[in-house]
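Tertiary structure, described
So the chains spell out like this:
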Amino acid sequence: MAVARARTLPSNGMLGFLAVLAIVAIAAPFLLPSYQTLNLSYALIFAIAILGLNILTGYSGQITLGHGAFLAIGAYASAIAQQKMGINYLLTIPIAGVVCGLLGFAFGFPALRLEGIYLALATFALAVAAPTVLKKPAAITGGVAGIILPPVTSPTEFLTDDQFFYIVCLGIAALCFLLAWNILRGRTGRAFRAIRDGDLAAVAFGVNLASYKTLAFAISAFLAGIAGALYGIATGFVSADAYPFQLSILLLVGAVIGGLGTLEGAVIGGFFSQFLPQLSQQALSSINKQVANAAPSVTQGILLLVVMVVARQGVAGLIRSNVHRLRYPVQSGDDTPAAPEASAQTGPL
Amino acid sequence: MTFFLQQLVSGLAAGGAYASLALALVLIYSAMGLVNFAQGEFAMFATFIAWTLMVNLGVPYPLAFVLALGFAMLGAAAIERLIVRPFERGPQLGVVIVTLALLSITNGMAGFIWGYVPRAFPTPFPQNPVVIAGVYISIQDLGVIGVSLLVLGLIYILFNRTKLGLAMRTAALYPDSARLLGVSVGGMLAVGWGLASGVGAVSGILLAPSLFLEPNMMQQVIIYAFAAAVLGGIESPIGAVVGGLLLGVLLAMVGAYVQPLADLRLAVALLLIVVVLVVRPSGLLGQVHVRRV
């Protein structure tokens, strides 16, 4: 038991790496121009959203293509709480998370009866239908016009508004990842992975499918709600058209490229989701506007295919196997421990 | 009554087009157990090909129609062989991701080539309606119903009355026996993708005059096609046709008689998908699968 416990805690090297990462993350807004700070905030928001997607799809094996719909609901929950109830915007973030978490829990029940491809189908339809549904009650959601939110202002003169918001996002993202790490390393995480790798076997081992599957939905939607609230606050404007089904695809792209079923993959994926569309658009804007507008979908599609063919574990998988190779250089006749992804017989992909 | 009949005909016309795309999804699902999320985008791309042939090159409508279908079939068969094949036997998530990648790429390529400005699409049918027993019925609608039924009939004959159809059904149901009998199972899957894409292209070309042609044209239609396929039973080709026509009529009636839901047709389709999948996953005409636990 002691051994098993120790293995779930990070090693000293890992802690050192995380400390360096934290210092870089905190220093970044003071070294970068202001607009890049906002970009980084968006990347963190996407990372939180992808973390949620990852828990549902990467860890518990339930395919969702409708994550963007929960982001939209989170953004509306936060905006409505601010505008109609006058609640401080920072407090609306957990409220949005709880609202989405409950909705996700509720959506998890019909989803229990939908397996694999059927769940993908239903959530895809959810992603496409959500904007038109959210626009409908115009008295609450502002209809087509949406809801305009006041800009975030920094409470201290030491930080600019963008820097302050970035620090808020960083703190919330750190809390979310800590929470997810804590859930996933223990009993619940094992139950999720067991369901993903073979639900019959999981049931045979006493895993309650219904409660763990709905729990995964609830956690995933909770994180989506938090990300959605932050996204709305960052944009200063909540409108259903800002959450098209392409957003759900973009999040899945980030999750797959980053590496499904890993925590670091969610962080890497967040950066991809934020910067890939921008960079591909900029790269092709010299040709003409039409080409530049189409660039993000083409590049994300091609990158998805490349990742699927070359490295199904995503960037996180590549990093893991290279770290492993550095730690255990191959020698002839040596019984090197197998690389992590080779020893794990199953995974999300 | 007159109003009702007019709604019925326009519902059937839209339903015929949904049925074609639903049939495309069903053809691939029943052969390989996978849903091609890019099916709508393939149809949109083929419709753009037809548009280019007609408007830029002056090809007459019937020839452009056939050429666009041929392009759609060859293109999809090639995509199946080159890109989808390695993932068919892997986890479902992998196939879903690959078809989503295809969706993204096809949509973006159409944007690259033709841009995002909606375009008018020519129709071969006269615009003025005919009057039958006091009911104004658009010839366009009748033509769309006629063409969809013709295509669906041809597919039925292909599967039930030809050797190729028999080989395809064998390859889908009993791949090992099919191989022993000398049927190229892989080849049949490529043919299946080609056929599906051709049928889907029909739906795109039929809908383009009323929807206007642009890269995101099929985004909502694919949801209706999913709903139609699920309603009819996702493994039943006849179910797809029945489901498509029913859905077309249902949405037309909702639009005409239930005003508050008129702009929530997508939500109606979503609700239908979830309810059918939860209550009766085999749909109206599908076979019920029993799972032993």
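All figures in this text were calculated on a predicted structure; none of them were measured in a lab.

Across its full length, chain A carries 16 helices and 2 strands. Whereas a compact globule of 349 residues would reach a radius of gyration of roughly 20 Å, chain A reaches 21 Å, a difference of no more than 12%. With the principal axes as the frame, chain A shows a C-alpha extent of 70 × 50 × 45 Å. A buried classification covers 50% of the 349 residues belonging to chain A. Pairs at least 24 residues apart make up 74% of the contacts formed inside chain A by residues separated by at least 6 positions.

Our focus in this paragraph is the overall build of chain B. Counting its regular elements, chain B contains 11 helices and 2 strands. Each helix and strand of chain B, ordered N terminal to C terminal, gives the series α-α-α-α-β-β-α-α-α-α-α-α-α. Rg of the C-alpha trace for chain B: 19 Å, near the compact-globule value of 19 Å for 293 residues, within the 12% margin. Per-residue burial over chain B gives 51% buried out of 293 residues. In chain B, the proportion of contacts linking residues at least 24 apart, taken out of those at least 6 apart, comes to 74%.

Contact residues are listed per partner, giving 38 residues for chain B and 36 residues for chain A. Sorting the residues of the side of chain B that touches chain A by element identifies α4 (92-114), α9 (219-232) and α11 (265-279) of chain B as the ones contributing at least two each. For the side of chain B that touches chain A, the leading source of residues is α4(B), giving 16 residues.

Here we come to the packing of helix α12 (residues 245-258) of chain A against helix α15 (residues 314-327) of chain A. Residues and elements named next belong to chain A. At their nearest, the axes of α12 and α15 sit 3 Å apart, and the two run at 10 degrees to each other. Between α12 and α15, the interaxial angle falls into the category roughly parallel. For the pair formed by α12 and α15, the contact residues are Val-256, Ile-257 and Gly-258 on the first element and Gly-314, Val-315 and Ala-316 on the second. Of the residues in the contact of α12 with α15, the class split is 4 nonpolar, 2 polar and no charged.

Glancing now at the packing of helix α8 (residues 161-185) of chain A against helix α11 (residues 209-235) of chain A. All names here are of chain A. The N-to-C vectors of α8 and α11 enclose an angle of 175 degrees; their axes lie 12 Å apart at closest approach. Viewed along their axes, α8 and α11 adopt a mutual orientation that is roughly antiparallel. Facing Phe-165, Cys-169, Ile-172, Cys-176 and Ile-183 of α8, the residues of α11 in contact are Ile-219, Leu-223, Ile-226, Leu-230 and Ala-234. Residue composition of the contact of α8 with α11, by class: 10 nonpolar, no polar and no charged.

This brings us to the confidence of the model for chain A. All names here are of chain A. Predicted confidence across chain A gives a mean pLDDT of 87, with 93% of residues reaching 70 or more. When pLDDT is averaged over each helix and strand of chain A, the minimum, 44, is found for helix α16 (residues 340-343) and the maximum, 94, for α11. Segment residues 1-6 is flagged for pLDDT under 50; beyond a separation of four residues in sequence, or across chains, it makes 0 contacts in the model. Low pLDDT (under 50) marks residues 341-345, which in the prediction has 5 contacts with non-local residues, meaning those over four places away or in another chain.

Glancing now at unusual backbone geometry. All names here are of chain B. Here Phe-212, not a glycine, exhibits a phi torsion of approximately 70 degrees, which is positive. Mapped onto the fold, Phe-212 is located in the loop between α8 (185-211) and α9. Note on Phe-212: 13 C-beta atoms within 10 Å, which makes it partly exposed.

With that settled, consider the environment of Val291(A). Mapping Val291(A) onto the fold places it in helix α14 (residues 289-310). Residue Val291(A) is classed as partly exposed on the basis of its C-beta count, with 18 C-beta atoms lying within 10 Å. For the pair Val291(A) and Leu134(A), spaced 157 residues apart in sequence, the C-alpha separation works out to 31 Å. If near-sequence neighbours (up to four positions away) are discounted, Val291(A) is found in contact with Leu284(A) and Phe112(B).

We now examine the environment of Trp114(B). Looking at the secondary structure, you find Trp114(B) in helix α4. Expressed as a C-alpha distance, the spacing of Trp114(B) and Arg265(B), which sit 151 residues apart in the sequence, is 28 Å.

Close inspection of predicted coordinates is inappropriate for parts of the model with low pLDDT. On average, chain B scores 89 in pLDDT, and the residues at 70 or more come to 98%. When pLDDT is averaged over each helix and strand of chain B, the minimum, 80, is found for strand β2 (residues 135-137) of chain B and the maximum, 95, for helix α2 (residues 39-56) of chain B.

Once that is clear, we can look at the environment of Pro60(B). Residue and element names in this part refer to chain B. Mapping Pro-60 onto the fold places it in the loop between α2 and α3 (61-84). For Pro-60, a count of 10 C-beta atoms within 10 Å translates into the label exposed. Considered as a pair, Pro-60 and Ala-50 are 10 residues apart in the sequence and their alpha carbons are 10.0 Å apart.

What counts as what
Residues numbered from 1 in each chain as written. Chains lettered and ligands numbered in written order. Predicted model: local features only at pLDDT ≥ 70, side-chain atom pairs only at ≥ 80, totals over all residues. Helix = DSSP H or I, 4+ residues; strand = E, 2+ residues; numbered from the N terminus. Rg over C-alpha atoms; globule rule 2.2 N^0.38 Å. Buried ≥ 20, exposed ≤ 12 C-beta atoms within 10 Å, placed from the backbone. Contact = placed C-beta atoms within 7 Å. Axes fitted to C-alpha atoms, helices over the stretch in contact; angles between N-to-C directions. Parallel < 35°, antiparallel > 145°, perpendicular 65-115°, else oblique. Nonpolar A, V, L, I, M, F, W, Y, C, P; charged D, E, K, R; others polar. pLDDT = per-residue confidence, 0-100.

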